[in-house]
Amino acid sequence: MKAIQCENLTKRYKKFAAVDDVTFTIEENTITGLIGRNGAGKTTLLKTIMGYFKPSSGSVRVFEENPFNSLKVSANAIYVDDYMTLPQDVPLSNILDFAKSFYTNWNHELALKLFQYHEFHSDEQVQSLSKGRKMTFQTIIGIAARCPLTIFDEPTTGMDYAVRQEFYRTILKDYIAHPRTIIISTHLFNELEDFLENILLMDNGKVQLHSSIDQLQSYTIGITGSSSKLTQLIEKREVIYKREISSEQQYVVINNDLTTAELQYINQEGLATSSVASADLTMYLTTSKKGGIDDVFNRS
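The first and last C-alpha atoms of helix H5 (residues 131-145) sit 21 Å apart over 15 residues, in line with the 21 Å expected at 1.5 Å per residue. Most of H5 is tucked away, with 13 of its 15 residues classed as buried. Where H5 terminates, the next one or two residues include Arg-146, which has phi positive at roughly 50°.

Structural data, given as structure tokens:
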């Protein structure tokens, strides 16, 4: 079953398209990483999927329904972000008790175990929590709710490295035991890569890439060598990324679909090939075509 289907989906704010004509499908019971730089359109896309925003054009379907004003989608989805609305002056334990009565699949035993593991106190209130502690508490709700669609929008904001790692492990362990559709929007792709199944890469409101992690890891190839020899190799190819190593040496990243003749040329001319780290590739694919930061200094 398709959990999410977007077709030519656009969400505009006046003349600005925060989400611009995107089409993709997310299968049920998968973990997808939504990757992109600030302003890429990730949050607008997620809130449109949740039914908080009405599309300007195109369509979005969640569990085969239009999510806007849908009770079915609202009852089967949870959205956790830095601005999640929680009562500020109510004891945290009371919030968990309320969640137990609200979410159909709520696991109160798991919620309490996580609550204790992270050393929260029953009488603490949201207003007294640091940013990182508040996000940790909110992720407990997102995990224990076990909603068929669970969305975490930058869920590790304010968390230190150790707490982030615990969050990732908790998500994975509970997902394996109780599969559901999970989307995690993050800037920290390198920390998530090992347990994501798919990525959705956004840039300037558009989907630049939607693939499995396995496909992503073999999508491109890096080549290093003589600038003149590389120029001849790539003259008819789209270059995803290029960096000057020295006046005579370059490093380029291109699609990993080399022909037999190109492979022979690489071997004959002594060019070196290498794999491209997935986190680096996502950065290259969303880098301005004007060039990297080195170009700023080269032009000065």
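Here the narrative resumes, following the displayed structure.
We now examine helix H6 (residues 161-177). The terminal C-alpha atoms of H6 lie 25 Å apart, and with 17 residues this matches the ideal 24 Å at 1.5 Å per residue to within 8%. Within H6 the residues assigned to the buried category are Arg-164, Phe-167, Tyr-168, Thr-170, Ile-171, Asp-174 and Tyr-175. Angularly, the buried residues of H6 cover 160° about the axis, an arc narrow enough to put them on a single face. Set apart from the buried face of H6 by more than 90 degrees, the exposed residues are Tyr-161, Arg-169, Lys-173, Ile-176 and Ala-177.

Turning to the side chain of Asp-203, a few remarks are in order. With respect to the helices and strands, Asp-203 occurs in strand S8 (residues 198-203). The buried charged residue Asp-203 lacks any salt bridge, with Arg-37 as its nearest oppositely charged partner at 5.9 Å. Those residues in contact with Asp-203 that sit more than four places away from it in its chain are Ala-40, Gln-208, Leu-285 and Thr-286.

This part takes up the confidence of the model for the protein. For the protein, mean pLDDT is 93; residues scoring 70 or higher make up 96% of the total. In the model of the protein, helix H12 (residues 293-299) stands out as the element of lowest mean pLDDT, 60, in contrast to strand S4 (residues 57-62), which has the highest, 98.

Time to look at the sheet that holds strand S11 (residues 241-244). Strand order in this open sheet of four strands is S11-S12-S10-S13, and the pairing throughout is antiparallel. Of all strands in the sheet, those bounded by a partner on one side alone are S11 and strand S13 (272-274). Going across the sheet, the axis of each strand differs from the next one's by a mean of 20°, ignoring polarity. Of the strand pairs in this sheet, strand S10 (residues 220-226) and S13 are connected by three bridges, and their pairing is antiparallel. Within the sheet, the bridge partner assigned to Ile-223 lies in S13 and is Thr-273. Against the sheet, helix H9 (residues 227-234) engages S10, S11 and strand S12 (249-255), with an angle of about 140° to S10.

Of all hydrophobic cores here, the largest spans 50 residues; its most connected members are Trp-106, Phe-137, Ile-141 and Ile-199. Here this core takes six residues from H5, the largest share from any one element. Ignoring any residue separated from it by four or fewer positions in sequence, one finds Ile-141 in contact with Ile-78, Met-84, Leu-86, Ile-95, Leu-96, Tyr-103 and Trp-106.

Reading the values: the criteria
- Residues numbered from 1 in each chain as written.
- Predicted model: local features only at pLDDT ≥ 70, side-chain atom pairs only at ≥ 80, totals over all residues.
- Heavy atoms only, no water.
- Helix = DSSP H or I, 4+ residues; strand = E, 2+ residues; numbered from the N terminus.
- Expected span 1.5 Å × (residues − 1).
- Buried < 20%, exposed > 50% of the residue type's maximum accessible area, 1.4 Å probe, protein only.
- Arc of directions from axis to C-beta.
- Lys, Arg positive; Asp, Glu negative; His and termini not counted.
- Salt bridge = Lys/Arg side-chain N within 4 Å of Asp/Glu carboxyl O.
- Contact = heavy atoms within 4.5 Å.
- pLDDT = per-residue confidence, 0-100.
- Pairing = 2+ DSSP bridges.
- Axes fitted to C-alpha atoms, helices over the stretch in contact; angles between N-to-C directions.
- Core = buried A, V, L, I, M, F, W, Y, C linked by side-chain atoms within 4.5 Å.

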